[in-house]
Amino acid sequence: KKTYTPKGAAPVHALDGLNLEVPQGTVTALLGPNGAGKTTTVKVLTTLISPDSGTATINGVDVIASPERIRPMIGVSGQYAAVDENLTGFENLDMVGRLYHLGAKQSRERARELITLFDLTEAQNRPVKGFSGGMRRRIDLAGALVMRPPVLFLDEPTTGLDPRSRIGMWDVITTLVGEGTTVLLTTQYLEEADQLADSISVIDDGKVIAQGTSDELKASFCDNASSSAWCRRRIPPPPVRSSPVSAARNRSRASTVAATPSTRKMPLLHCSSFSPSSPAAASSSTTQECVAPPSTMCS
């Protein structure tokens, strides 16, 4: 839970018992309107703020108790591009590498790799202040990948981008997941969650109000509200991918399952507003919204 108490205003319950799990090597989308608690969730999980109560873990490491162990394993791209406008695109990435103590040679090599990955070769020596919005977002995301983090947080990564830039960003995210990266992204766009996410958690007022795959959520929602705009749009499921990226992604998932003795994946990220001492206690404490299988969890 997390409550803000602005001076002269009523308390704001940004997180009110939110429970969330993200399996390793998958994309989980937090879908919700402005003020739902998406960014606050990301801030808690990336050690930027502390919750008032509850627990949060990434790969078994307590986010609150050991933030210094969390930071090397995560990458973060916020709502606004955190870049130095007076530096070139290449210089921004080189600077990030040096801040991580990679050394001059390795920092330059990693910057070149990312410039190529994000298709910024022609613009790499131009000051970022002359970049378009889509190019700025790509440089910002590239900076979050300098240290090859196994867990990536993307807070509304395509907000304000034109359709072409959004599709390009989707391709990059898909490639990263195909290489084994675990992604938690927040978005206001249904089609973005539909295209990218293995699991969607719909949140509002700091709580998870629905959870499941895109098809599961649409089927459940349309059964109860067949006249809604969501149902009328009849968004098709993402096409079956047969690319090398998809093959790598499937191999990564298969290896994750094979490495786990049980049929359920072990938690990668976990946050909760309670600490049950047994599975029975957990089920009795969790609301109906908390139905995701364990692997990455926040509440």
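Residues numbered from 1 in each chain as written. Predicted model: local features only at pLDDT ≥ 70, side-chain atom pairs only at ≥ 80, totals over all residues. Heavy atoms only, no water.

## Thoughts on the pattern of salt bridges
Applying the stated criterion across every chain, the model contains 10 salt bridges. One salt bridge connects Glu192 with Arg166, and the closest N-O pair in it is separated by 4.0 Å. Of this pair, Glu192 sits in helix α7 (residues 190–196) while Arg166 sits in helix α6 (residues 163–178), placing them 26 residues apart in sequence. Taken individually, Glu192 and Arg166 each receive the classification buried, so the pair is uniform in this respect. (Salt bridge = Lys/Arg side-chain N within 4 Å of Asp/Glu carboxyl O. Helix = DSSP H or I, 4+ residues; strand = E, 2+ residues; numbered from the N terminus. Buried < 20%, exposed > 50% of the residue type's maximum accessible area, 1.4 Å probe, protein only.)

## Quick word on the confidence of the model for the chain
Mean pLDDT over the chain: 79, with 74% of residues reaching 70 or higher. Per-element mean pLDDT across the chain ranges from 41 in helix α11 (residues 279–285) up to 96 in strand β6 (residues 61–62). Below pLDDT 50 for its whole length, residues 232–246 participates in 18 contacts with residues either more than four positions away or in separate chains. Contacts of residues 274–297 to residues separated by more than four positions or lying in other chains number 48 contacts, the stretch itself having pLDDT below 50. (pLDDT = per-residue confidence, 0-100. Contact = heavy atoms within 4.5 Å.)

## Observations concerning the packing of helix α3 (residues 89–99) against helix α5 (residues 133–144)
For the pair α3 and α5, interaxial distance at closest approach is 9 Å and the crossing angle is 20°. The angle between α3 and α5 falls in the class roughly parallel. For the crossing formed where α3 meets α5, the hand is right-handed. Across the interface between the two elements, Gly89, Asn92, Leu93 and Val96 of α3 pack against Ile139, Ala142 and Gly143 of α5. Looking at the contact of α3 with α5 residue by residue, the classes come out as four nonpolar, three polar and no charged. (Axes fitted to C-alpha atoms, helices over the stretch in contact; angles between N-to-C directions. Parallel < 35°, antiparallel > 145°, perpendicular 65-115°, else oblique. Left-handed = near helix turned anticlockwise from the far one by under 90°. Nonpolar A, V, L, I, M, F, W, Y, C, P; charged D, E, K, R; others polar.)

## Brief notes about the sheet that holds strand β9 (residues 182–187)
On the basis of which strands lie adjacent, the open sheet formed by six strands has the order β7-β8-β9-β4-β10-β11 and mixed pairing. A strand with exactly one partner marks an edge of an open sheet, and here the two such strands are β7 (74–77) and β11 (207–212). The sheet shows a mean angle of 15° between the axes of neighbouring strands, taken without regard to direction. Sheet analysis places strand β4 (residues 27–31) next to β9, joined by five bridges and oriented parallel. In the strand pairing of β9, Thr28 is matched with Leu184. Here α5 sits on the sheet and contacts β7 and β8 (151–155); the angle it forms with β7, its principal contact strand, is near 165°. (Pairing = 2+ DSSP bridges.)

## A few points about the packing of aromatic side chains
Under the defined criterion, the tally for this structure stands at zero aromatic pairs. The ring of Tyr189 is capped by Arg166, whose NZ or CZ atom sits 4.4 Å from the centre of that ring. (Phe/Tyr/Trp six-rings, centres within 6.5 Å; stacked < 30°, edge-to-face > 60°. Lys NZ or Arg CZ within 6 Å of the ring centre and 35° of its normal.)

## Details of the side chain of Thr187
Structurally, the position occupied by Thr187 is in strand β9. With relative accessibility at 1%, the residue Thr187 sits in the buried group. Not counting residues within four places of it along the chain, the set of residues in contact with Thr187 comprises Leu30, Leu31, Gly32, Lys38, Glu156, Glu192 and Ala193.

## Description of the packing of α5 against α6
At a minimum axis separation of 10 Å, α5 and α6 run at an interaxial angle of 15°. Taken together, the axes of α5 and α6 lie roughly parallel to each other. When you trace α5 past α6, the crossing you get is right-handed. When α5 is examined against α6, the residues Gly134, Arg137, Arg138 and Leu141 are found in contact with a partner set consisting of Ser165, Met169 and Val172. Of the residues contributing to the contact of α5 with α6, the split by class is three nonpolar, two polar and two charged.

## Re the pairing of β4
Taking burial as the measure, the five residues of β4 include five buried ones, the bulk of the element. Where burial is concerned, the two faces of β4 agree: the one with Val27, Ala29 and Leu31 and the one with Thr28 and Leu30 are both buried. Here β4 runs beside strand β10 (residues 199–204); their pairing, made up of four bridges, is parallel. If you follow Ala29 over to β10, its bridge partner there is Ile200.

## Describing the side chain of Arg166
Residue classification places Arg166 among the buried positions, given a relative accessible area of 13%. The contacts of Arg166, once residues within four sequence positions are left out, are Thr158, Leu161, Tyr189, Glu191 and Glu192.

## Re the environment of Val63
Examined against the element boundaries, Val63 turns out to sit in the loop between β6 and α2 (67–70). A residue is classified by how much of its surface remains accessible, and Val63, at 3% relative accessible area, is buried. In sequence terms Val63 and Thr47 are 16 residues apart; their C-alpha atoms lie 6.5 Å from each other. Here Val63 is in contact with Val44, Leu45, Thr47, Ala56, Thr57, Ile58 and Ile70, once residues within four sequence places are set aside.

## Some points on the nonpolar core
Ranked by size, the top nonpolar core spans 40 residues in total, and within it Phe118, Leu141, Leu152 and Ile200 carry the most contacts. If you tally residues by element for this core, the top one is α6, at six residues. The residues contacting Leu152, other than those within four sequence positions of it, are Gly75, Val76, Leu141, Ala144, Leu145, Leu176, Thr181, Thr182, Val183 and Leu184. Core analysis: the next-biggest nonpolar cluster, separate from the first, contains 21 residues, Leu15, Ala36, Val61 and Ile203 among them. (Core = buried A, V, L, I, M, F, W, Y, C linked by side-chain atoms within 4.5 Å.)

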